[in-house]
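Summary of the model geometry
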Amino acid sequence: MRYRHFPTVTLALGVVLLVDVLRVFLPAVITIFGQAASTPAELLGAFAFGWFLLALAAPALIRRVGARPVTLAAALLLVVARLAVNGQPGGPLQLWLATAGLLAGLVWLAGAAATTDRPVPGLALGLAVGALLHTALDTYRSAFFGDWPAWLAAVAVAGLFLAGQARPASAAGPGGVRSWLLAGPALLLAGMVALSPAVARTATSYQFGLLRSDPADAVGVATVPLFGVAPLAVAVGGFLLAALASPRQGAWRWLGPVALVAGAVLVALERGELLLPAVLLSAVGLGACLASAGAADGGTRGGTDATGAPGPDGGGQDPVQDGGGQDPARAAGRRGYAAVAGMLVFAVAAVAYYAAYDLGHPNAGVPVTVAVLVAAVALATRPAPSRDPARAGGGPGRPAPGPLRPSLPPVWTAASAAVLTLLAAVASDELLSASNRDGPPETVRVVAYNVRMGFGIHGRFDPDALARAAAGADVVALSEVDRGWLLNGGHDTLDLLAERLDMPYVFAPAADPLWGDAVLSRWPLDAARTRPLPAVGAPTGAQALGITVDFSEDVRLAVVATHLQPPPGEDPVVQARAVADFAVRYAAGRPLVVAGDLNTEPGDPAFAEFTRAGLVDALAAARPLPTSPADAPRQQIDHVFVTPDLTAGEAAAPPGTASDHLPVAVTLTLPRG
């Protein structure tokens with residue numbers, strides 16, 4: 001690594017560490033501080049936002065104490081907190097360790113801003129490397145989790161980061177405010193869509209799923225993809241190339257902002273088949289906007305000199321530029337406040353977007369608003385003159401001032417990152433295929449499981465424990481499946497569980513294309529259909545997914561997976577009636593299973609809707625069979641209903657805390673003939 005690249009790499013490593021802390025902090029707020037959804041969403045948002053707000057004190061502290069000691073101390077605390085989280089994968093201690101790491105990371109970011117006037121290369125490289133690592137780890141576990149080789153790598157990364165922080169910083173110019181302001185919004189858009197491997201895989205599973213027998217049947221349904229996370233390599237490469245290259249001039253400079261906003265609009269439409277173009281457009285557009293914002297870094301154009309006198313061109317201070325005419329201390333303070341303000345935008349937008357699924361307000365405009373903000377900053381920025389003496393204008397025959405030379409070679413860096421991401425995607429992803437094809441079985445073990453986005457009752461994300469809870473199943477119906485929400489750490493819970501069970505899947509969106517219900521099976525699946533359910537006042541969307549299990553020799557089993565969302569304080573009667581009607585029509589006389597978290601108990605009106613439709617409670621022989629909450633179950637709200645031609649036996653709710661619900665399992669004897 002060349003010496004002039006060291007500051008860029010150090011900043012990139014810090015961004016990776018900060019993103020890694022956020023991937024722990026955000027779900028910890030929901031699942032640990034939130035105590036299994038019993039805490040009001042407003043209180044959750046206030047708790048999360050408060051730590052970002054507290055970081056506003058960092059620039060004042062830096063100005064009083066000095067950037068170097070504050071940044072070094074924050075960097076050390078960030079590393080210690082991040083490593084400590086590894087030994088505490090759940091519980092209140094994890095929440096507070098992650099909180100300490102977040103606050104340290106925000107203070108470090110403000111310190112890095114105070115001493116860095118050209119952050120775009122480091123920010124872009126950090127976001128790309130974070131996406132690469134997340135891909136290599138199959139969206140699960142941080143780079144600092146595992147056996148001794150992972151710990152050894154962690155120490156090496158931490159050592160390199162701290163060594164970079166210990167190196168004396170060179171004098172910073174007056175620019176960089178707008179670039180630092182975009183750090184938080186860029187992190188949000190990258191984590192939500194542009195550089196998320198989980199979102200890329202989900203997008204591919206909508207676009208290129210392998211299990212569809214008839215594309216007309218599978219509209220809005222995602223299945224196992226052939227290419228997995230591979231499209232993310234294009235997104236990472238395009239993002240870095242756009243971020244590190246010289247920004248376009250003239251009318252061409254609109255391309256990046258337009259692409260970014262277009263990608264955000266596609267996300268806002270909440271259609272699975274639009275996710276893949278949304279990923280690619282937003283990645284390239286985000287990189288181009290960062291490059292445009294960074295074009296002003298490192299100098300002033302026209303404005304005043306360091307003393308406040310008019311610049312060489314005789315004009316007053318150019319209001320478009322972000323640092324002209326300021327003394328170094330004031331410029332450093334502005335950059336620090338800009339970095340923290342950008343992270344406040346991250347916090348506000350994240351809370352506003354994800355709280356909608358508890359509070360019920362519209363959220364589709366949140367990513368579009370953030371994208372418009374980034375695009376506006378990019379379009380309002382003009383390139384600064386070069387500080388390179390070889391390119392400094394000043395007389396006849398000399399080259400005109402131009403943008404600063406890139407600190408990293410754009411093409412080589414982008415190509416290398418794309419290739420590495422592709423290799424990571426190929427190495428980490430698995431192609432799932434149904435294994436049982438020898439003939440129809442006599443019995444089928446069915447499991448229904450609300451997996452709570454993969455987080456246990458104590459806030460631990462543990463897909464291995466989920467797989468153990470569903471072990472021995474032939475067909476699994478899942479509720480509350482998350483396929484890439486940044487709020488939950490950006491994991492593809494469905495793919496992780498499917499790989500551990502070695503079972504292909506079909507996924508149907510409910511709240512948005514990344515959150516919904518799924519069916520996994522050891523036998524081939526086909527004829528997938530989904531039906532949205534009436535909202536009836538519940539903010540989180542609901543649907544019914546119908547899928548047919550093919551046991552060969554013309555033996556079929558219709559399975560309908562759903563998760564009913566009751567109105568506040570009421571029974572989900574309307575949704576239950578809609579599911580029962582859809583299931584009976586979908587089965588068309590074939591044996592039928594309806595399974596999932598139905599949020600109703602035996603004897604309730606919604607429960608009666610299923611029996612009224614001619615279905616039988618497959619768990620009746622084992623009643624009472626409470627399933628929620630998992631650590632002290634009291635409510636019987638997870639159910640399996642079947643048609644009378646299926647004989648149910650061996651019903652159980654295996655104990656465990658891998659989710660806030662227990663799974664329910666039952667063995668079904670298929671009808672002969």
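No experiment lies behind these values; they were computed from the predicted model shown.

**Concerning the sheet that holds strand β1 (residues 222-223)**
- The strand order β1-β4-β5-β3-β2-β13-β12 describes an open sheet built from 7 strands, whose pairing is mixed. Because the sheet does not close on itself, it has two edges, and the strands there are β1 and β12 (647-652).
- Inspection of the sheet shows strand β3 (residues 475-482) paired to strand β5 (residues 515-521) by 6 bridges, in the antiparallel sense. Across the sheet, the residue bridging to V476 is L520, located in β5.
- Against the sheet, helix α19 (residues 493-501) contacts β3, β4 (505-512) and β5, and its axis sits at roughly 155° relative to β3.

**Quick word on the sheet that holds strand β6 (residues 525-532)**
- Reading across the sheet, the 6 strands line up as β6-β7-β8-β9-β11-β10 and stay open at both edges, with mixed pairing between neighbours. The open sheet has two edge strands, β6 and β10 (616-617), and neither has a second partner.
- Across the sheet, helix α20 (residues 573-587) touches β6, β7 (543-550), β8 (556-563) and β9 (592-597), and the angle it forms with β6 is around 150°.
- Packed onto the sheet, helix α21 (residues 605-612) meets β9, β10 and β11 (638-642) and runs at close to 20° relative to β11.

**Quick look at the packing of aromatic side chains**
- Summed over the entire model, instances satisfying the criterion amount to 18 aromatic pairs.
- An angle of 55° between the planes, with centres 5.1 Å apart, marks the rings of F455 and F461 as tilted. In this structure, F455 and F461 share a single accessibility class: buried.
- R483 extends its terminal NZ or CZ atom over the ring of F507, reaching a point 5.4 Å from the ring centre.
- The ring of Y586 carries the charged tip of R590 above its face, separated from the ring centre by 5.4 Å.

**Here's the deal with helix α4 (residues 67-86)**
- When the terminal C-alpha atoms of α4 are compared, their 29 Å separation across 20 residues agrees well with the 28 Å that a helix rising 1.5 Å per residue should span.
- Listing the buried residues of α4 in full gives A67, V70, T71, A74, A75, L78, V79, A81, R82, V85 and N86. Looking straight down α4, one finds that the buried residues subtend no more than 165° of arc, so they occupy a single side.

**So, the environment of F208**
- Tracing the sequence through the fold places F208 in the loop between α10 (197-207) and β1.
- On the basis of relative accessible area, F208 is assigned to the partly exposed category, the value being 38%.
- Once residues within four sequence positions are removed from consideration, F208 is found in contact with V224, P225, L226, F227 and L276.

**Re the pairing of β11**
- Taking burial as the measure, the 5 residues of β11 include 5 buried ones, the bulk of the element.
- Side chains D638, V640 and V642 project from β11 onto one buried face, and the interleaved H639 and F641 project onto a second face that is buried too.
- Bridging between β10 and β11 involves 2 bridges; their strand directions are antiparallel. By the bridge assignment, D617 is partnered in β11 with F641.

**Digging into the side chain of D495**
- Topologically, D495 is positioned in helix α19.
- We classify D495 as buried; its relative accessible area is 2%.
- Setting aside residues up to four positions removed in sequence, D495 forms contacts with D138, R201, D429 and Y505.

**Structural notes on the packing of helix α12 (residues 255-268) against helix α13 (residues 275-294)**
- Taken N-terminus to C-terminus, the directions of α12 and α13 make an angle of 145°; their axes are 7 Å apart at the nearest point. Between α12 and α13 the crossing geometry is left-handed. Mapping the contact onto sequence places G256, P257, A259, L260, A262, G263, L266 and V267 in α12 and P277, A278, L281, S282, G285, L286, A288 and C289 in α13.

**Details of the confidence of the model for the protein chain**
- Confidence in the prediction for the protein chain averages 87 pLDDT; 88% of positions are at 70 or higher.
- Throughout residues 299-324 the model reports pLDDT below 50, and contacts reaching past four residues in sequence, or to other chains, amount to 48 contacts.

Definitions and cut-offs
Residues numbered from 1 in each chain as written. Predicted model: local features only at pLDDT ≥ 70, side-chain atom pairs only at ≥ 80, totals over all residues. Heavy atoms only, no water. Pairing = 2+ DSSP bridges. Helix = DSSP H or I, 4+ residues; strand = E, 2+ residues; numbered from the N terminus. Contact = heavy atoms within 4.5 Å. Axes fitted to C-alpha atoms, helices over the stretch in contact; angles between N-to-C directions. Phe/Tyr/Trp six-rings, centres within 6.5 Å; stacked < 30°, edge-to-face > 60°. Buried < 20%, exposed > 50% of the residue type's maximum accessible area, 1.4 Å probe, protein only. Lys NZ or Arg CZ within 6 Å of the ring centre and 35° of its normal. Expected span 1.5 Å × (residues − 1). Arc of directions from axis to C-beta. Left-handed = near helix turned anticlockwise from the far one by under 90°. pLDDT = per-residue confidence, 0-100.

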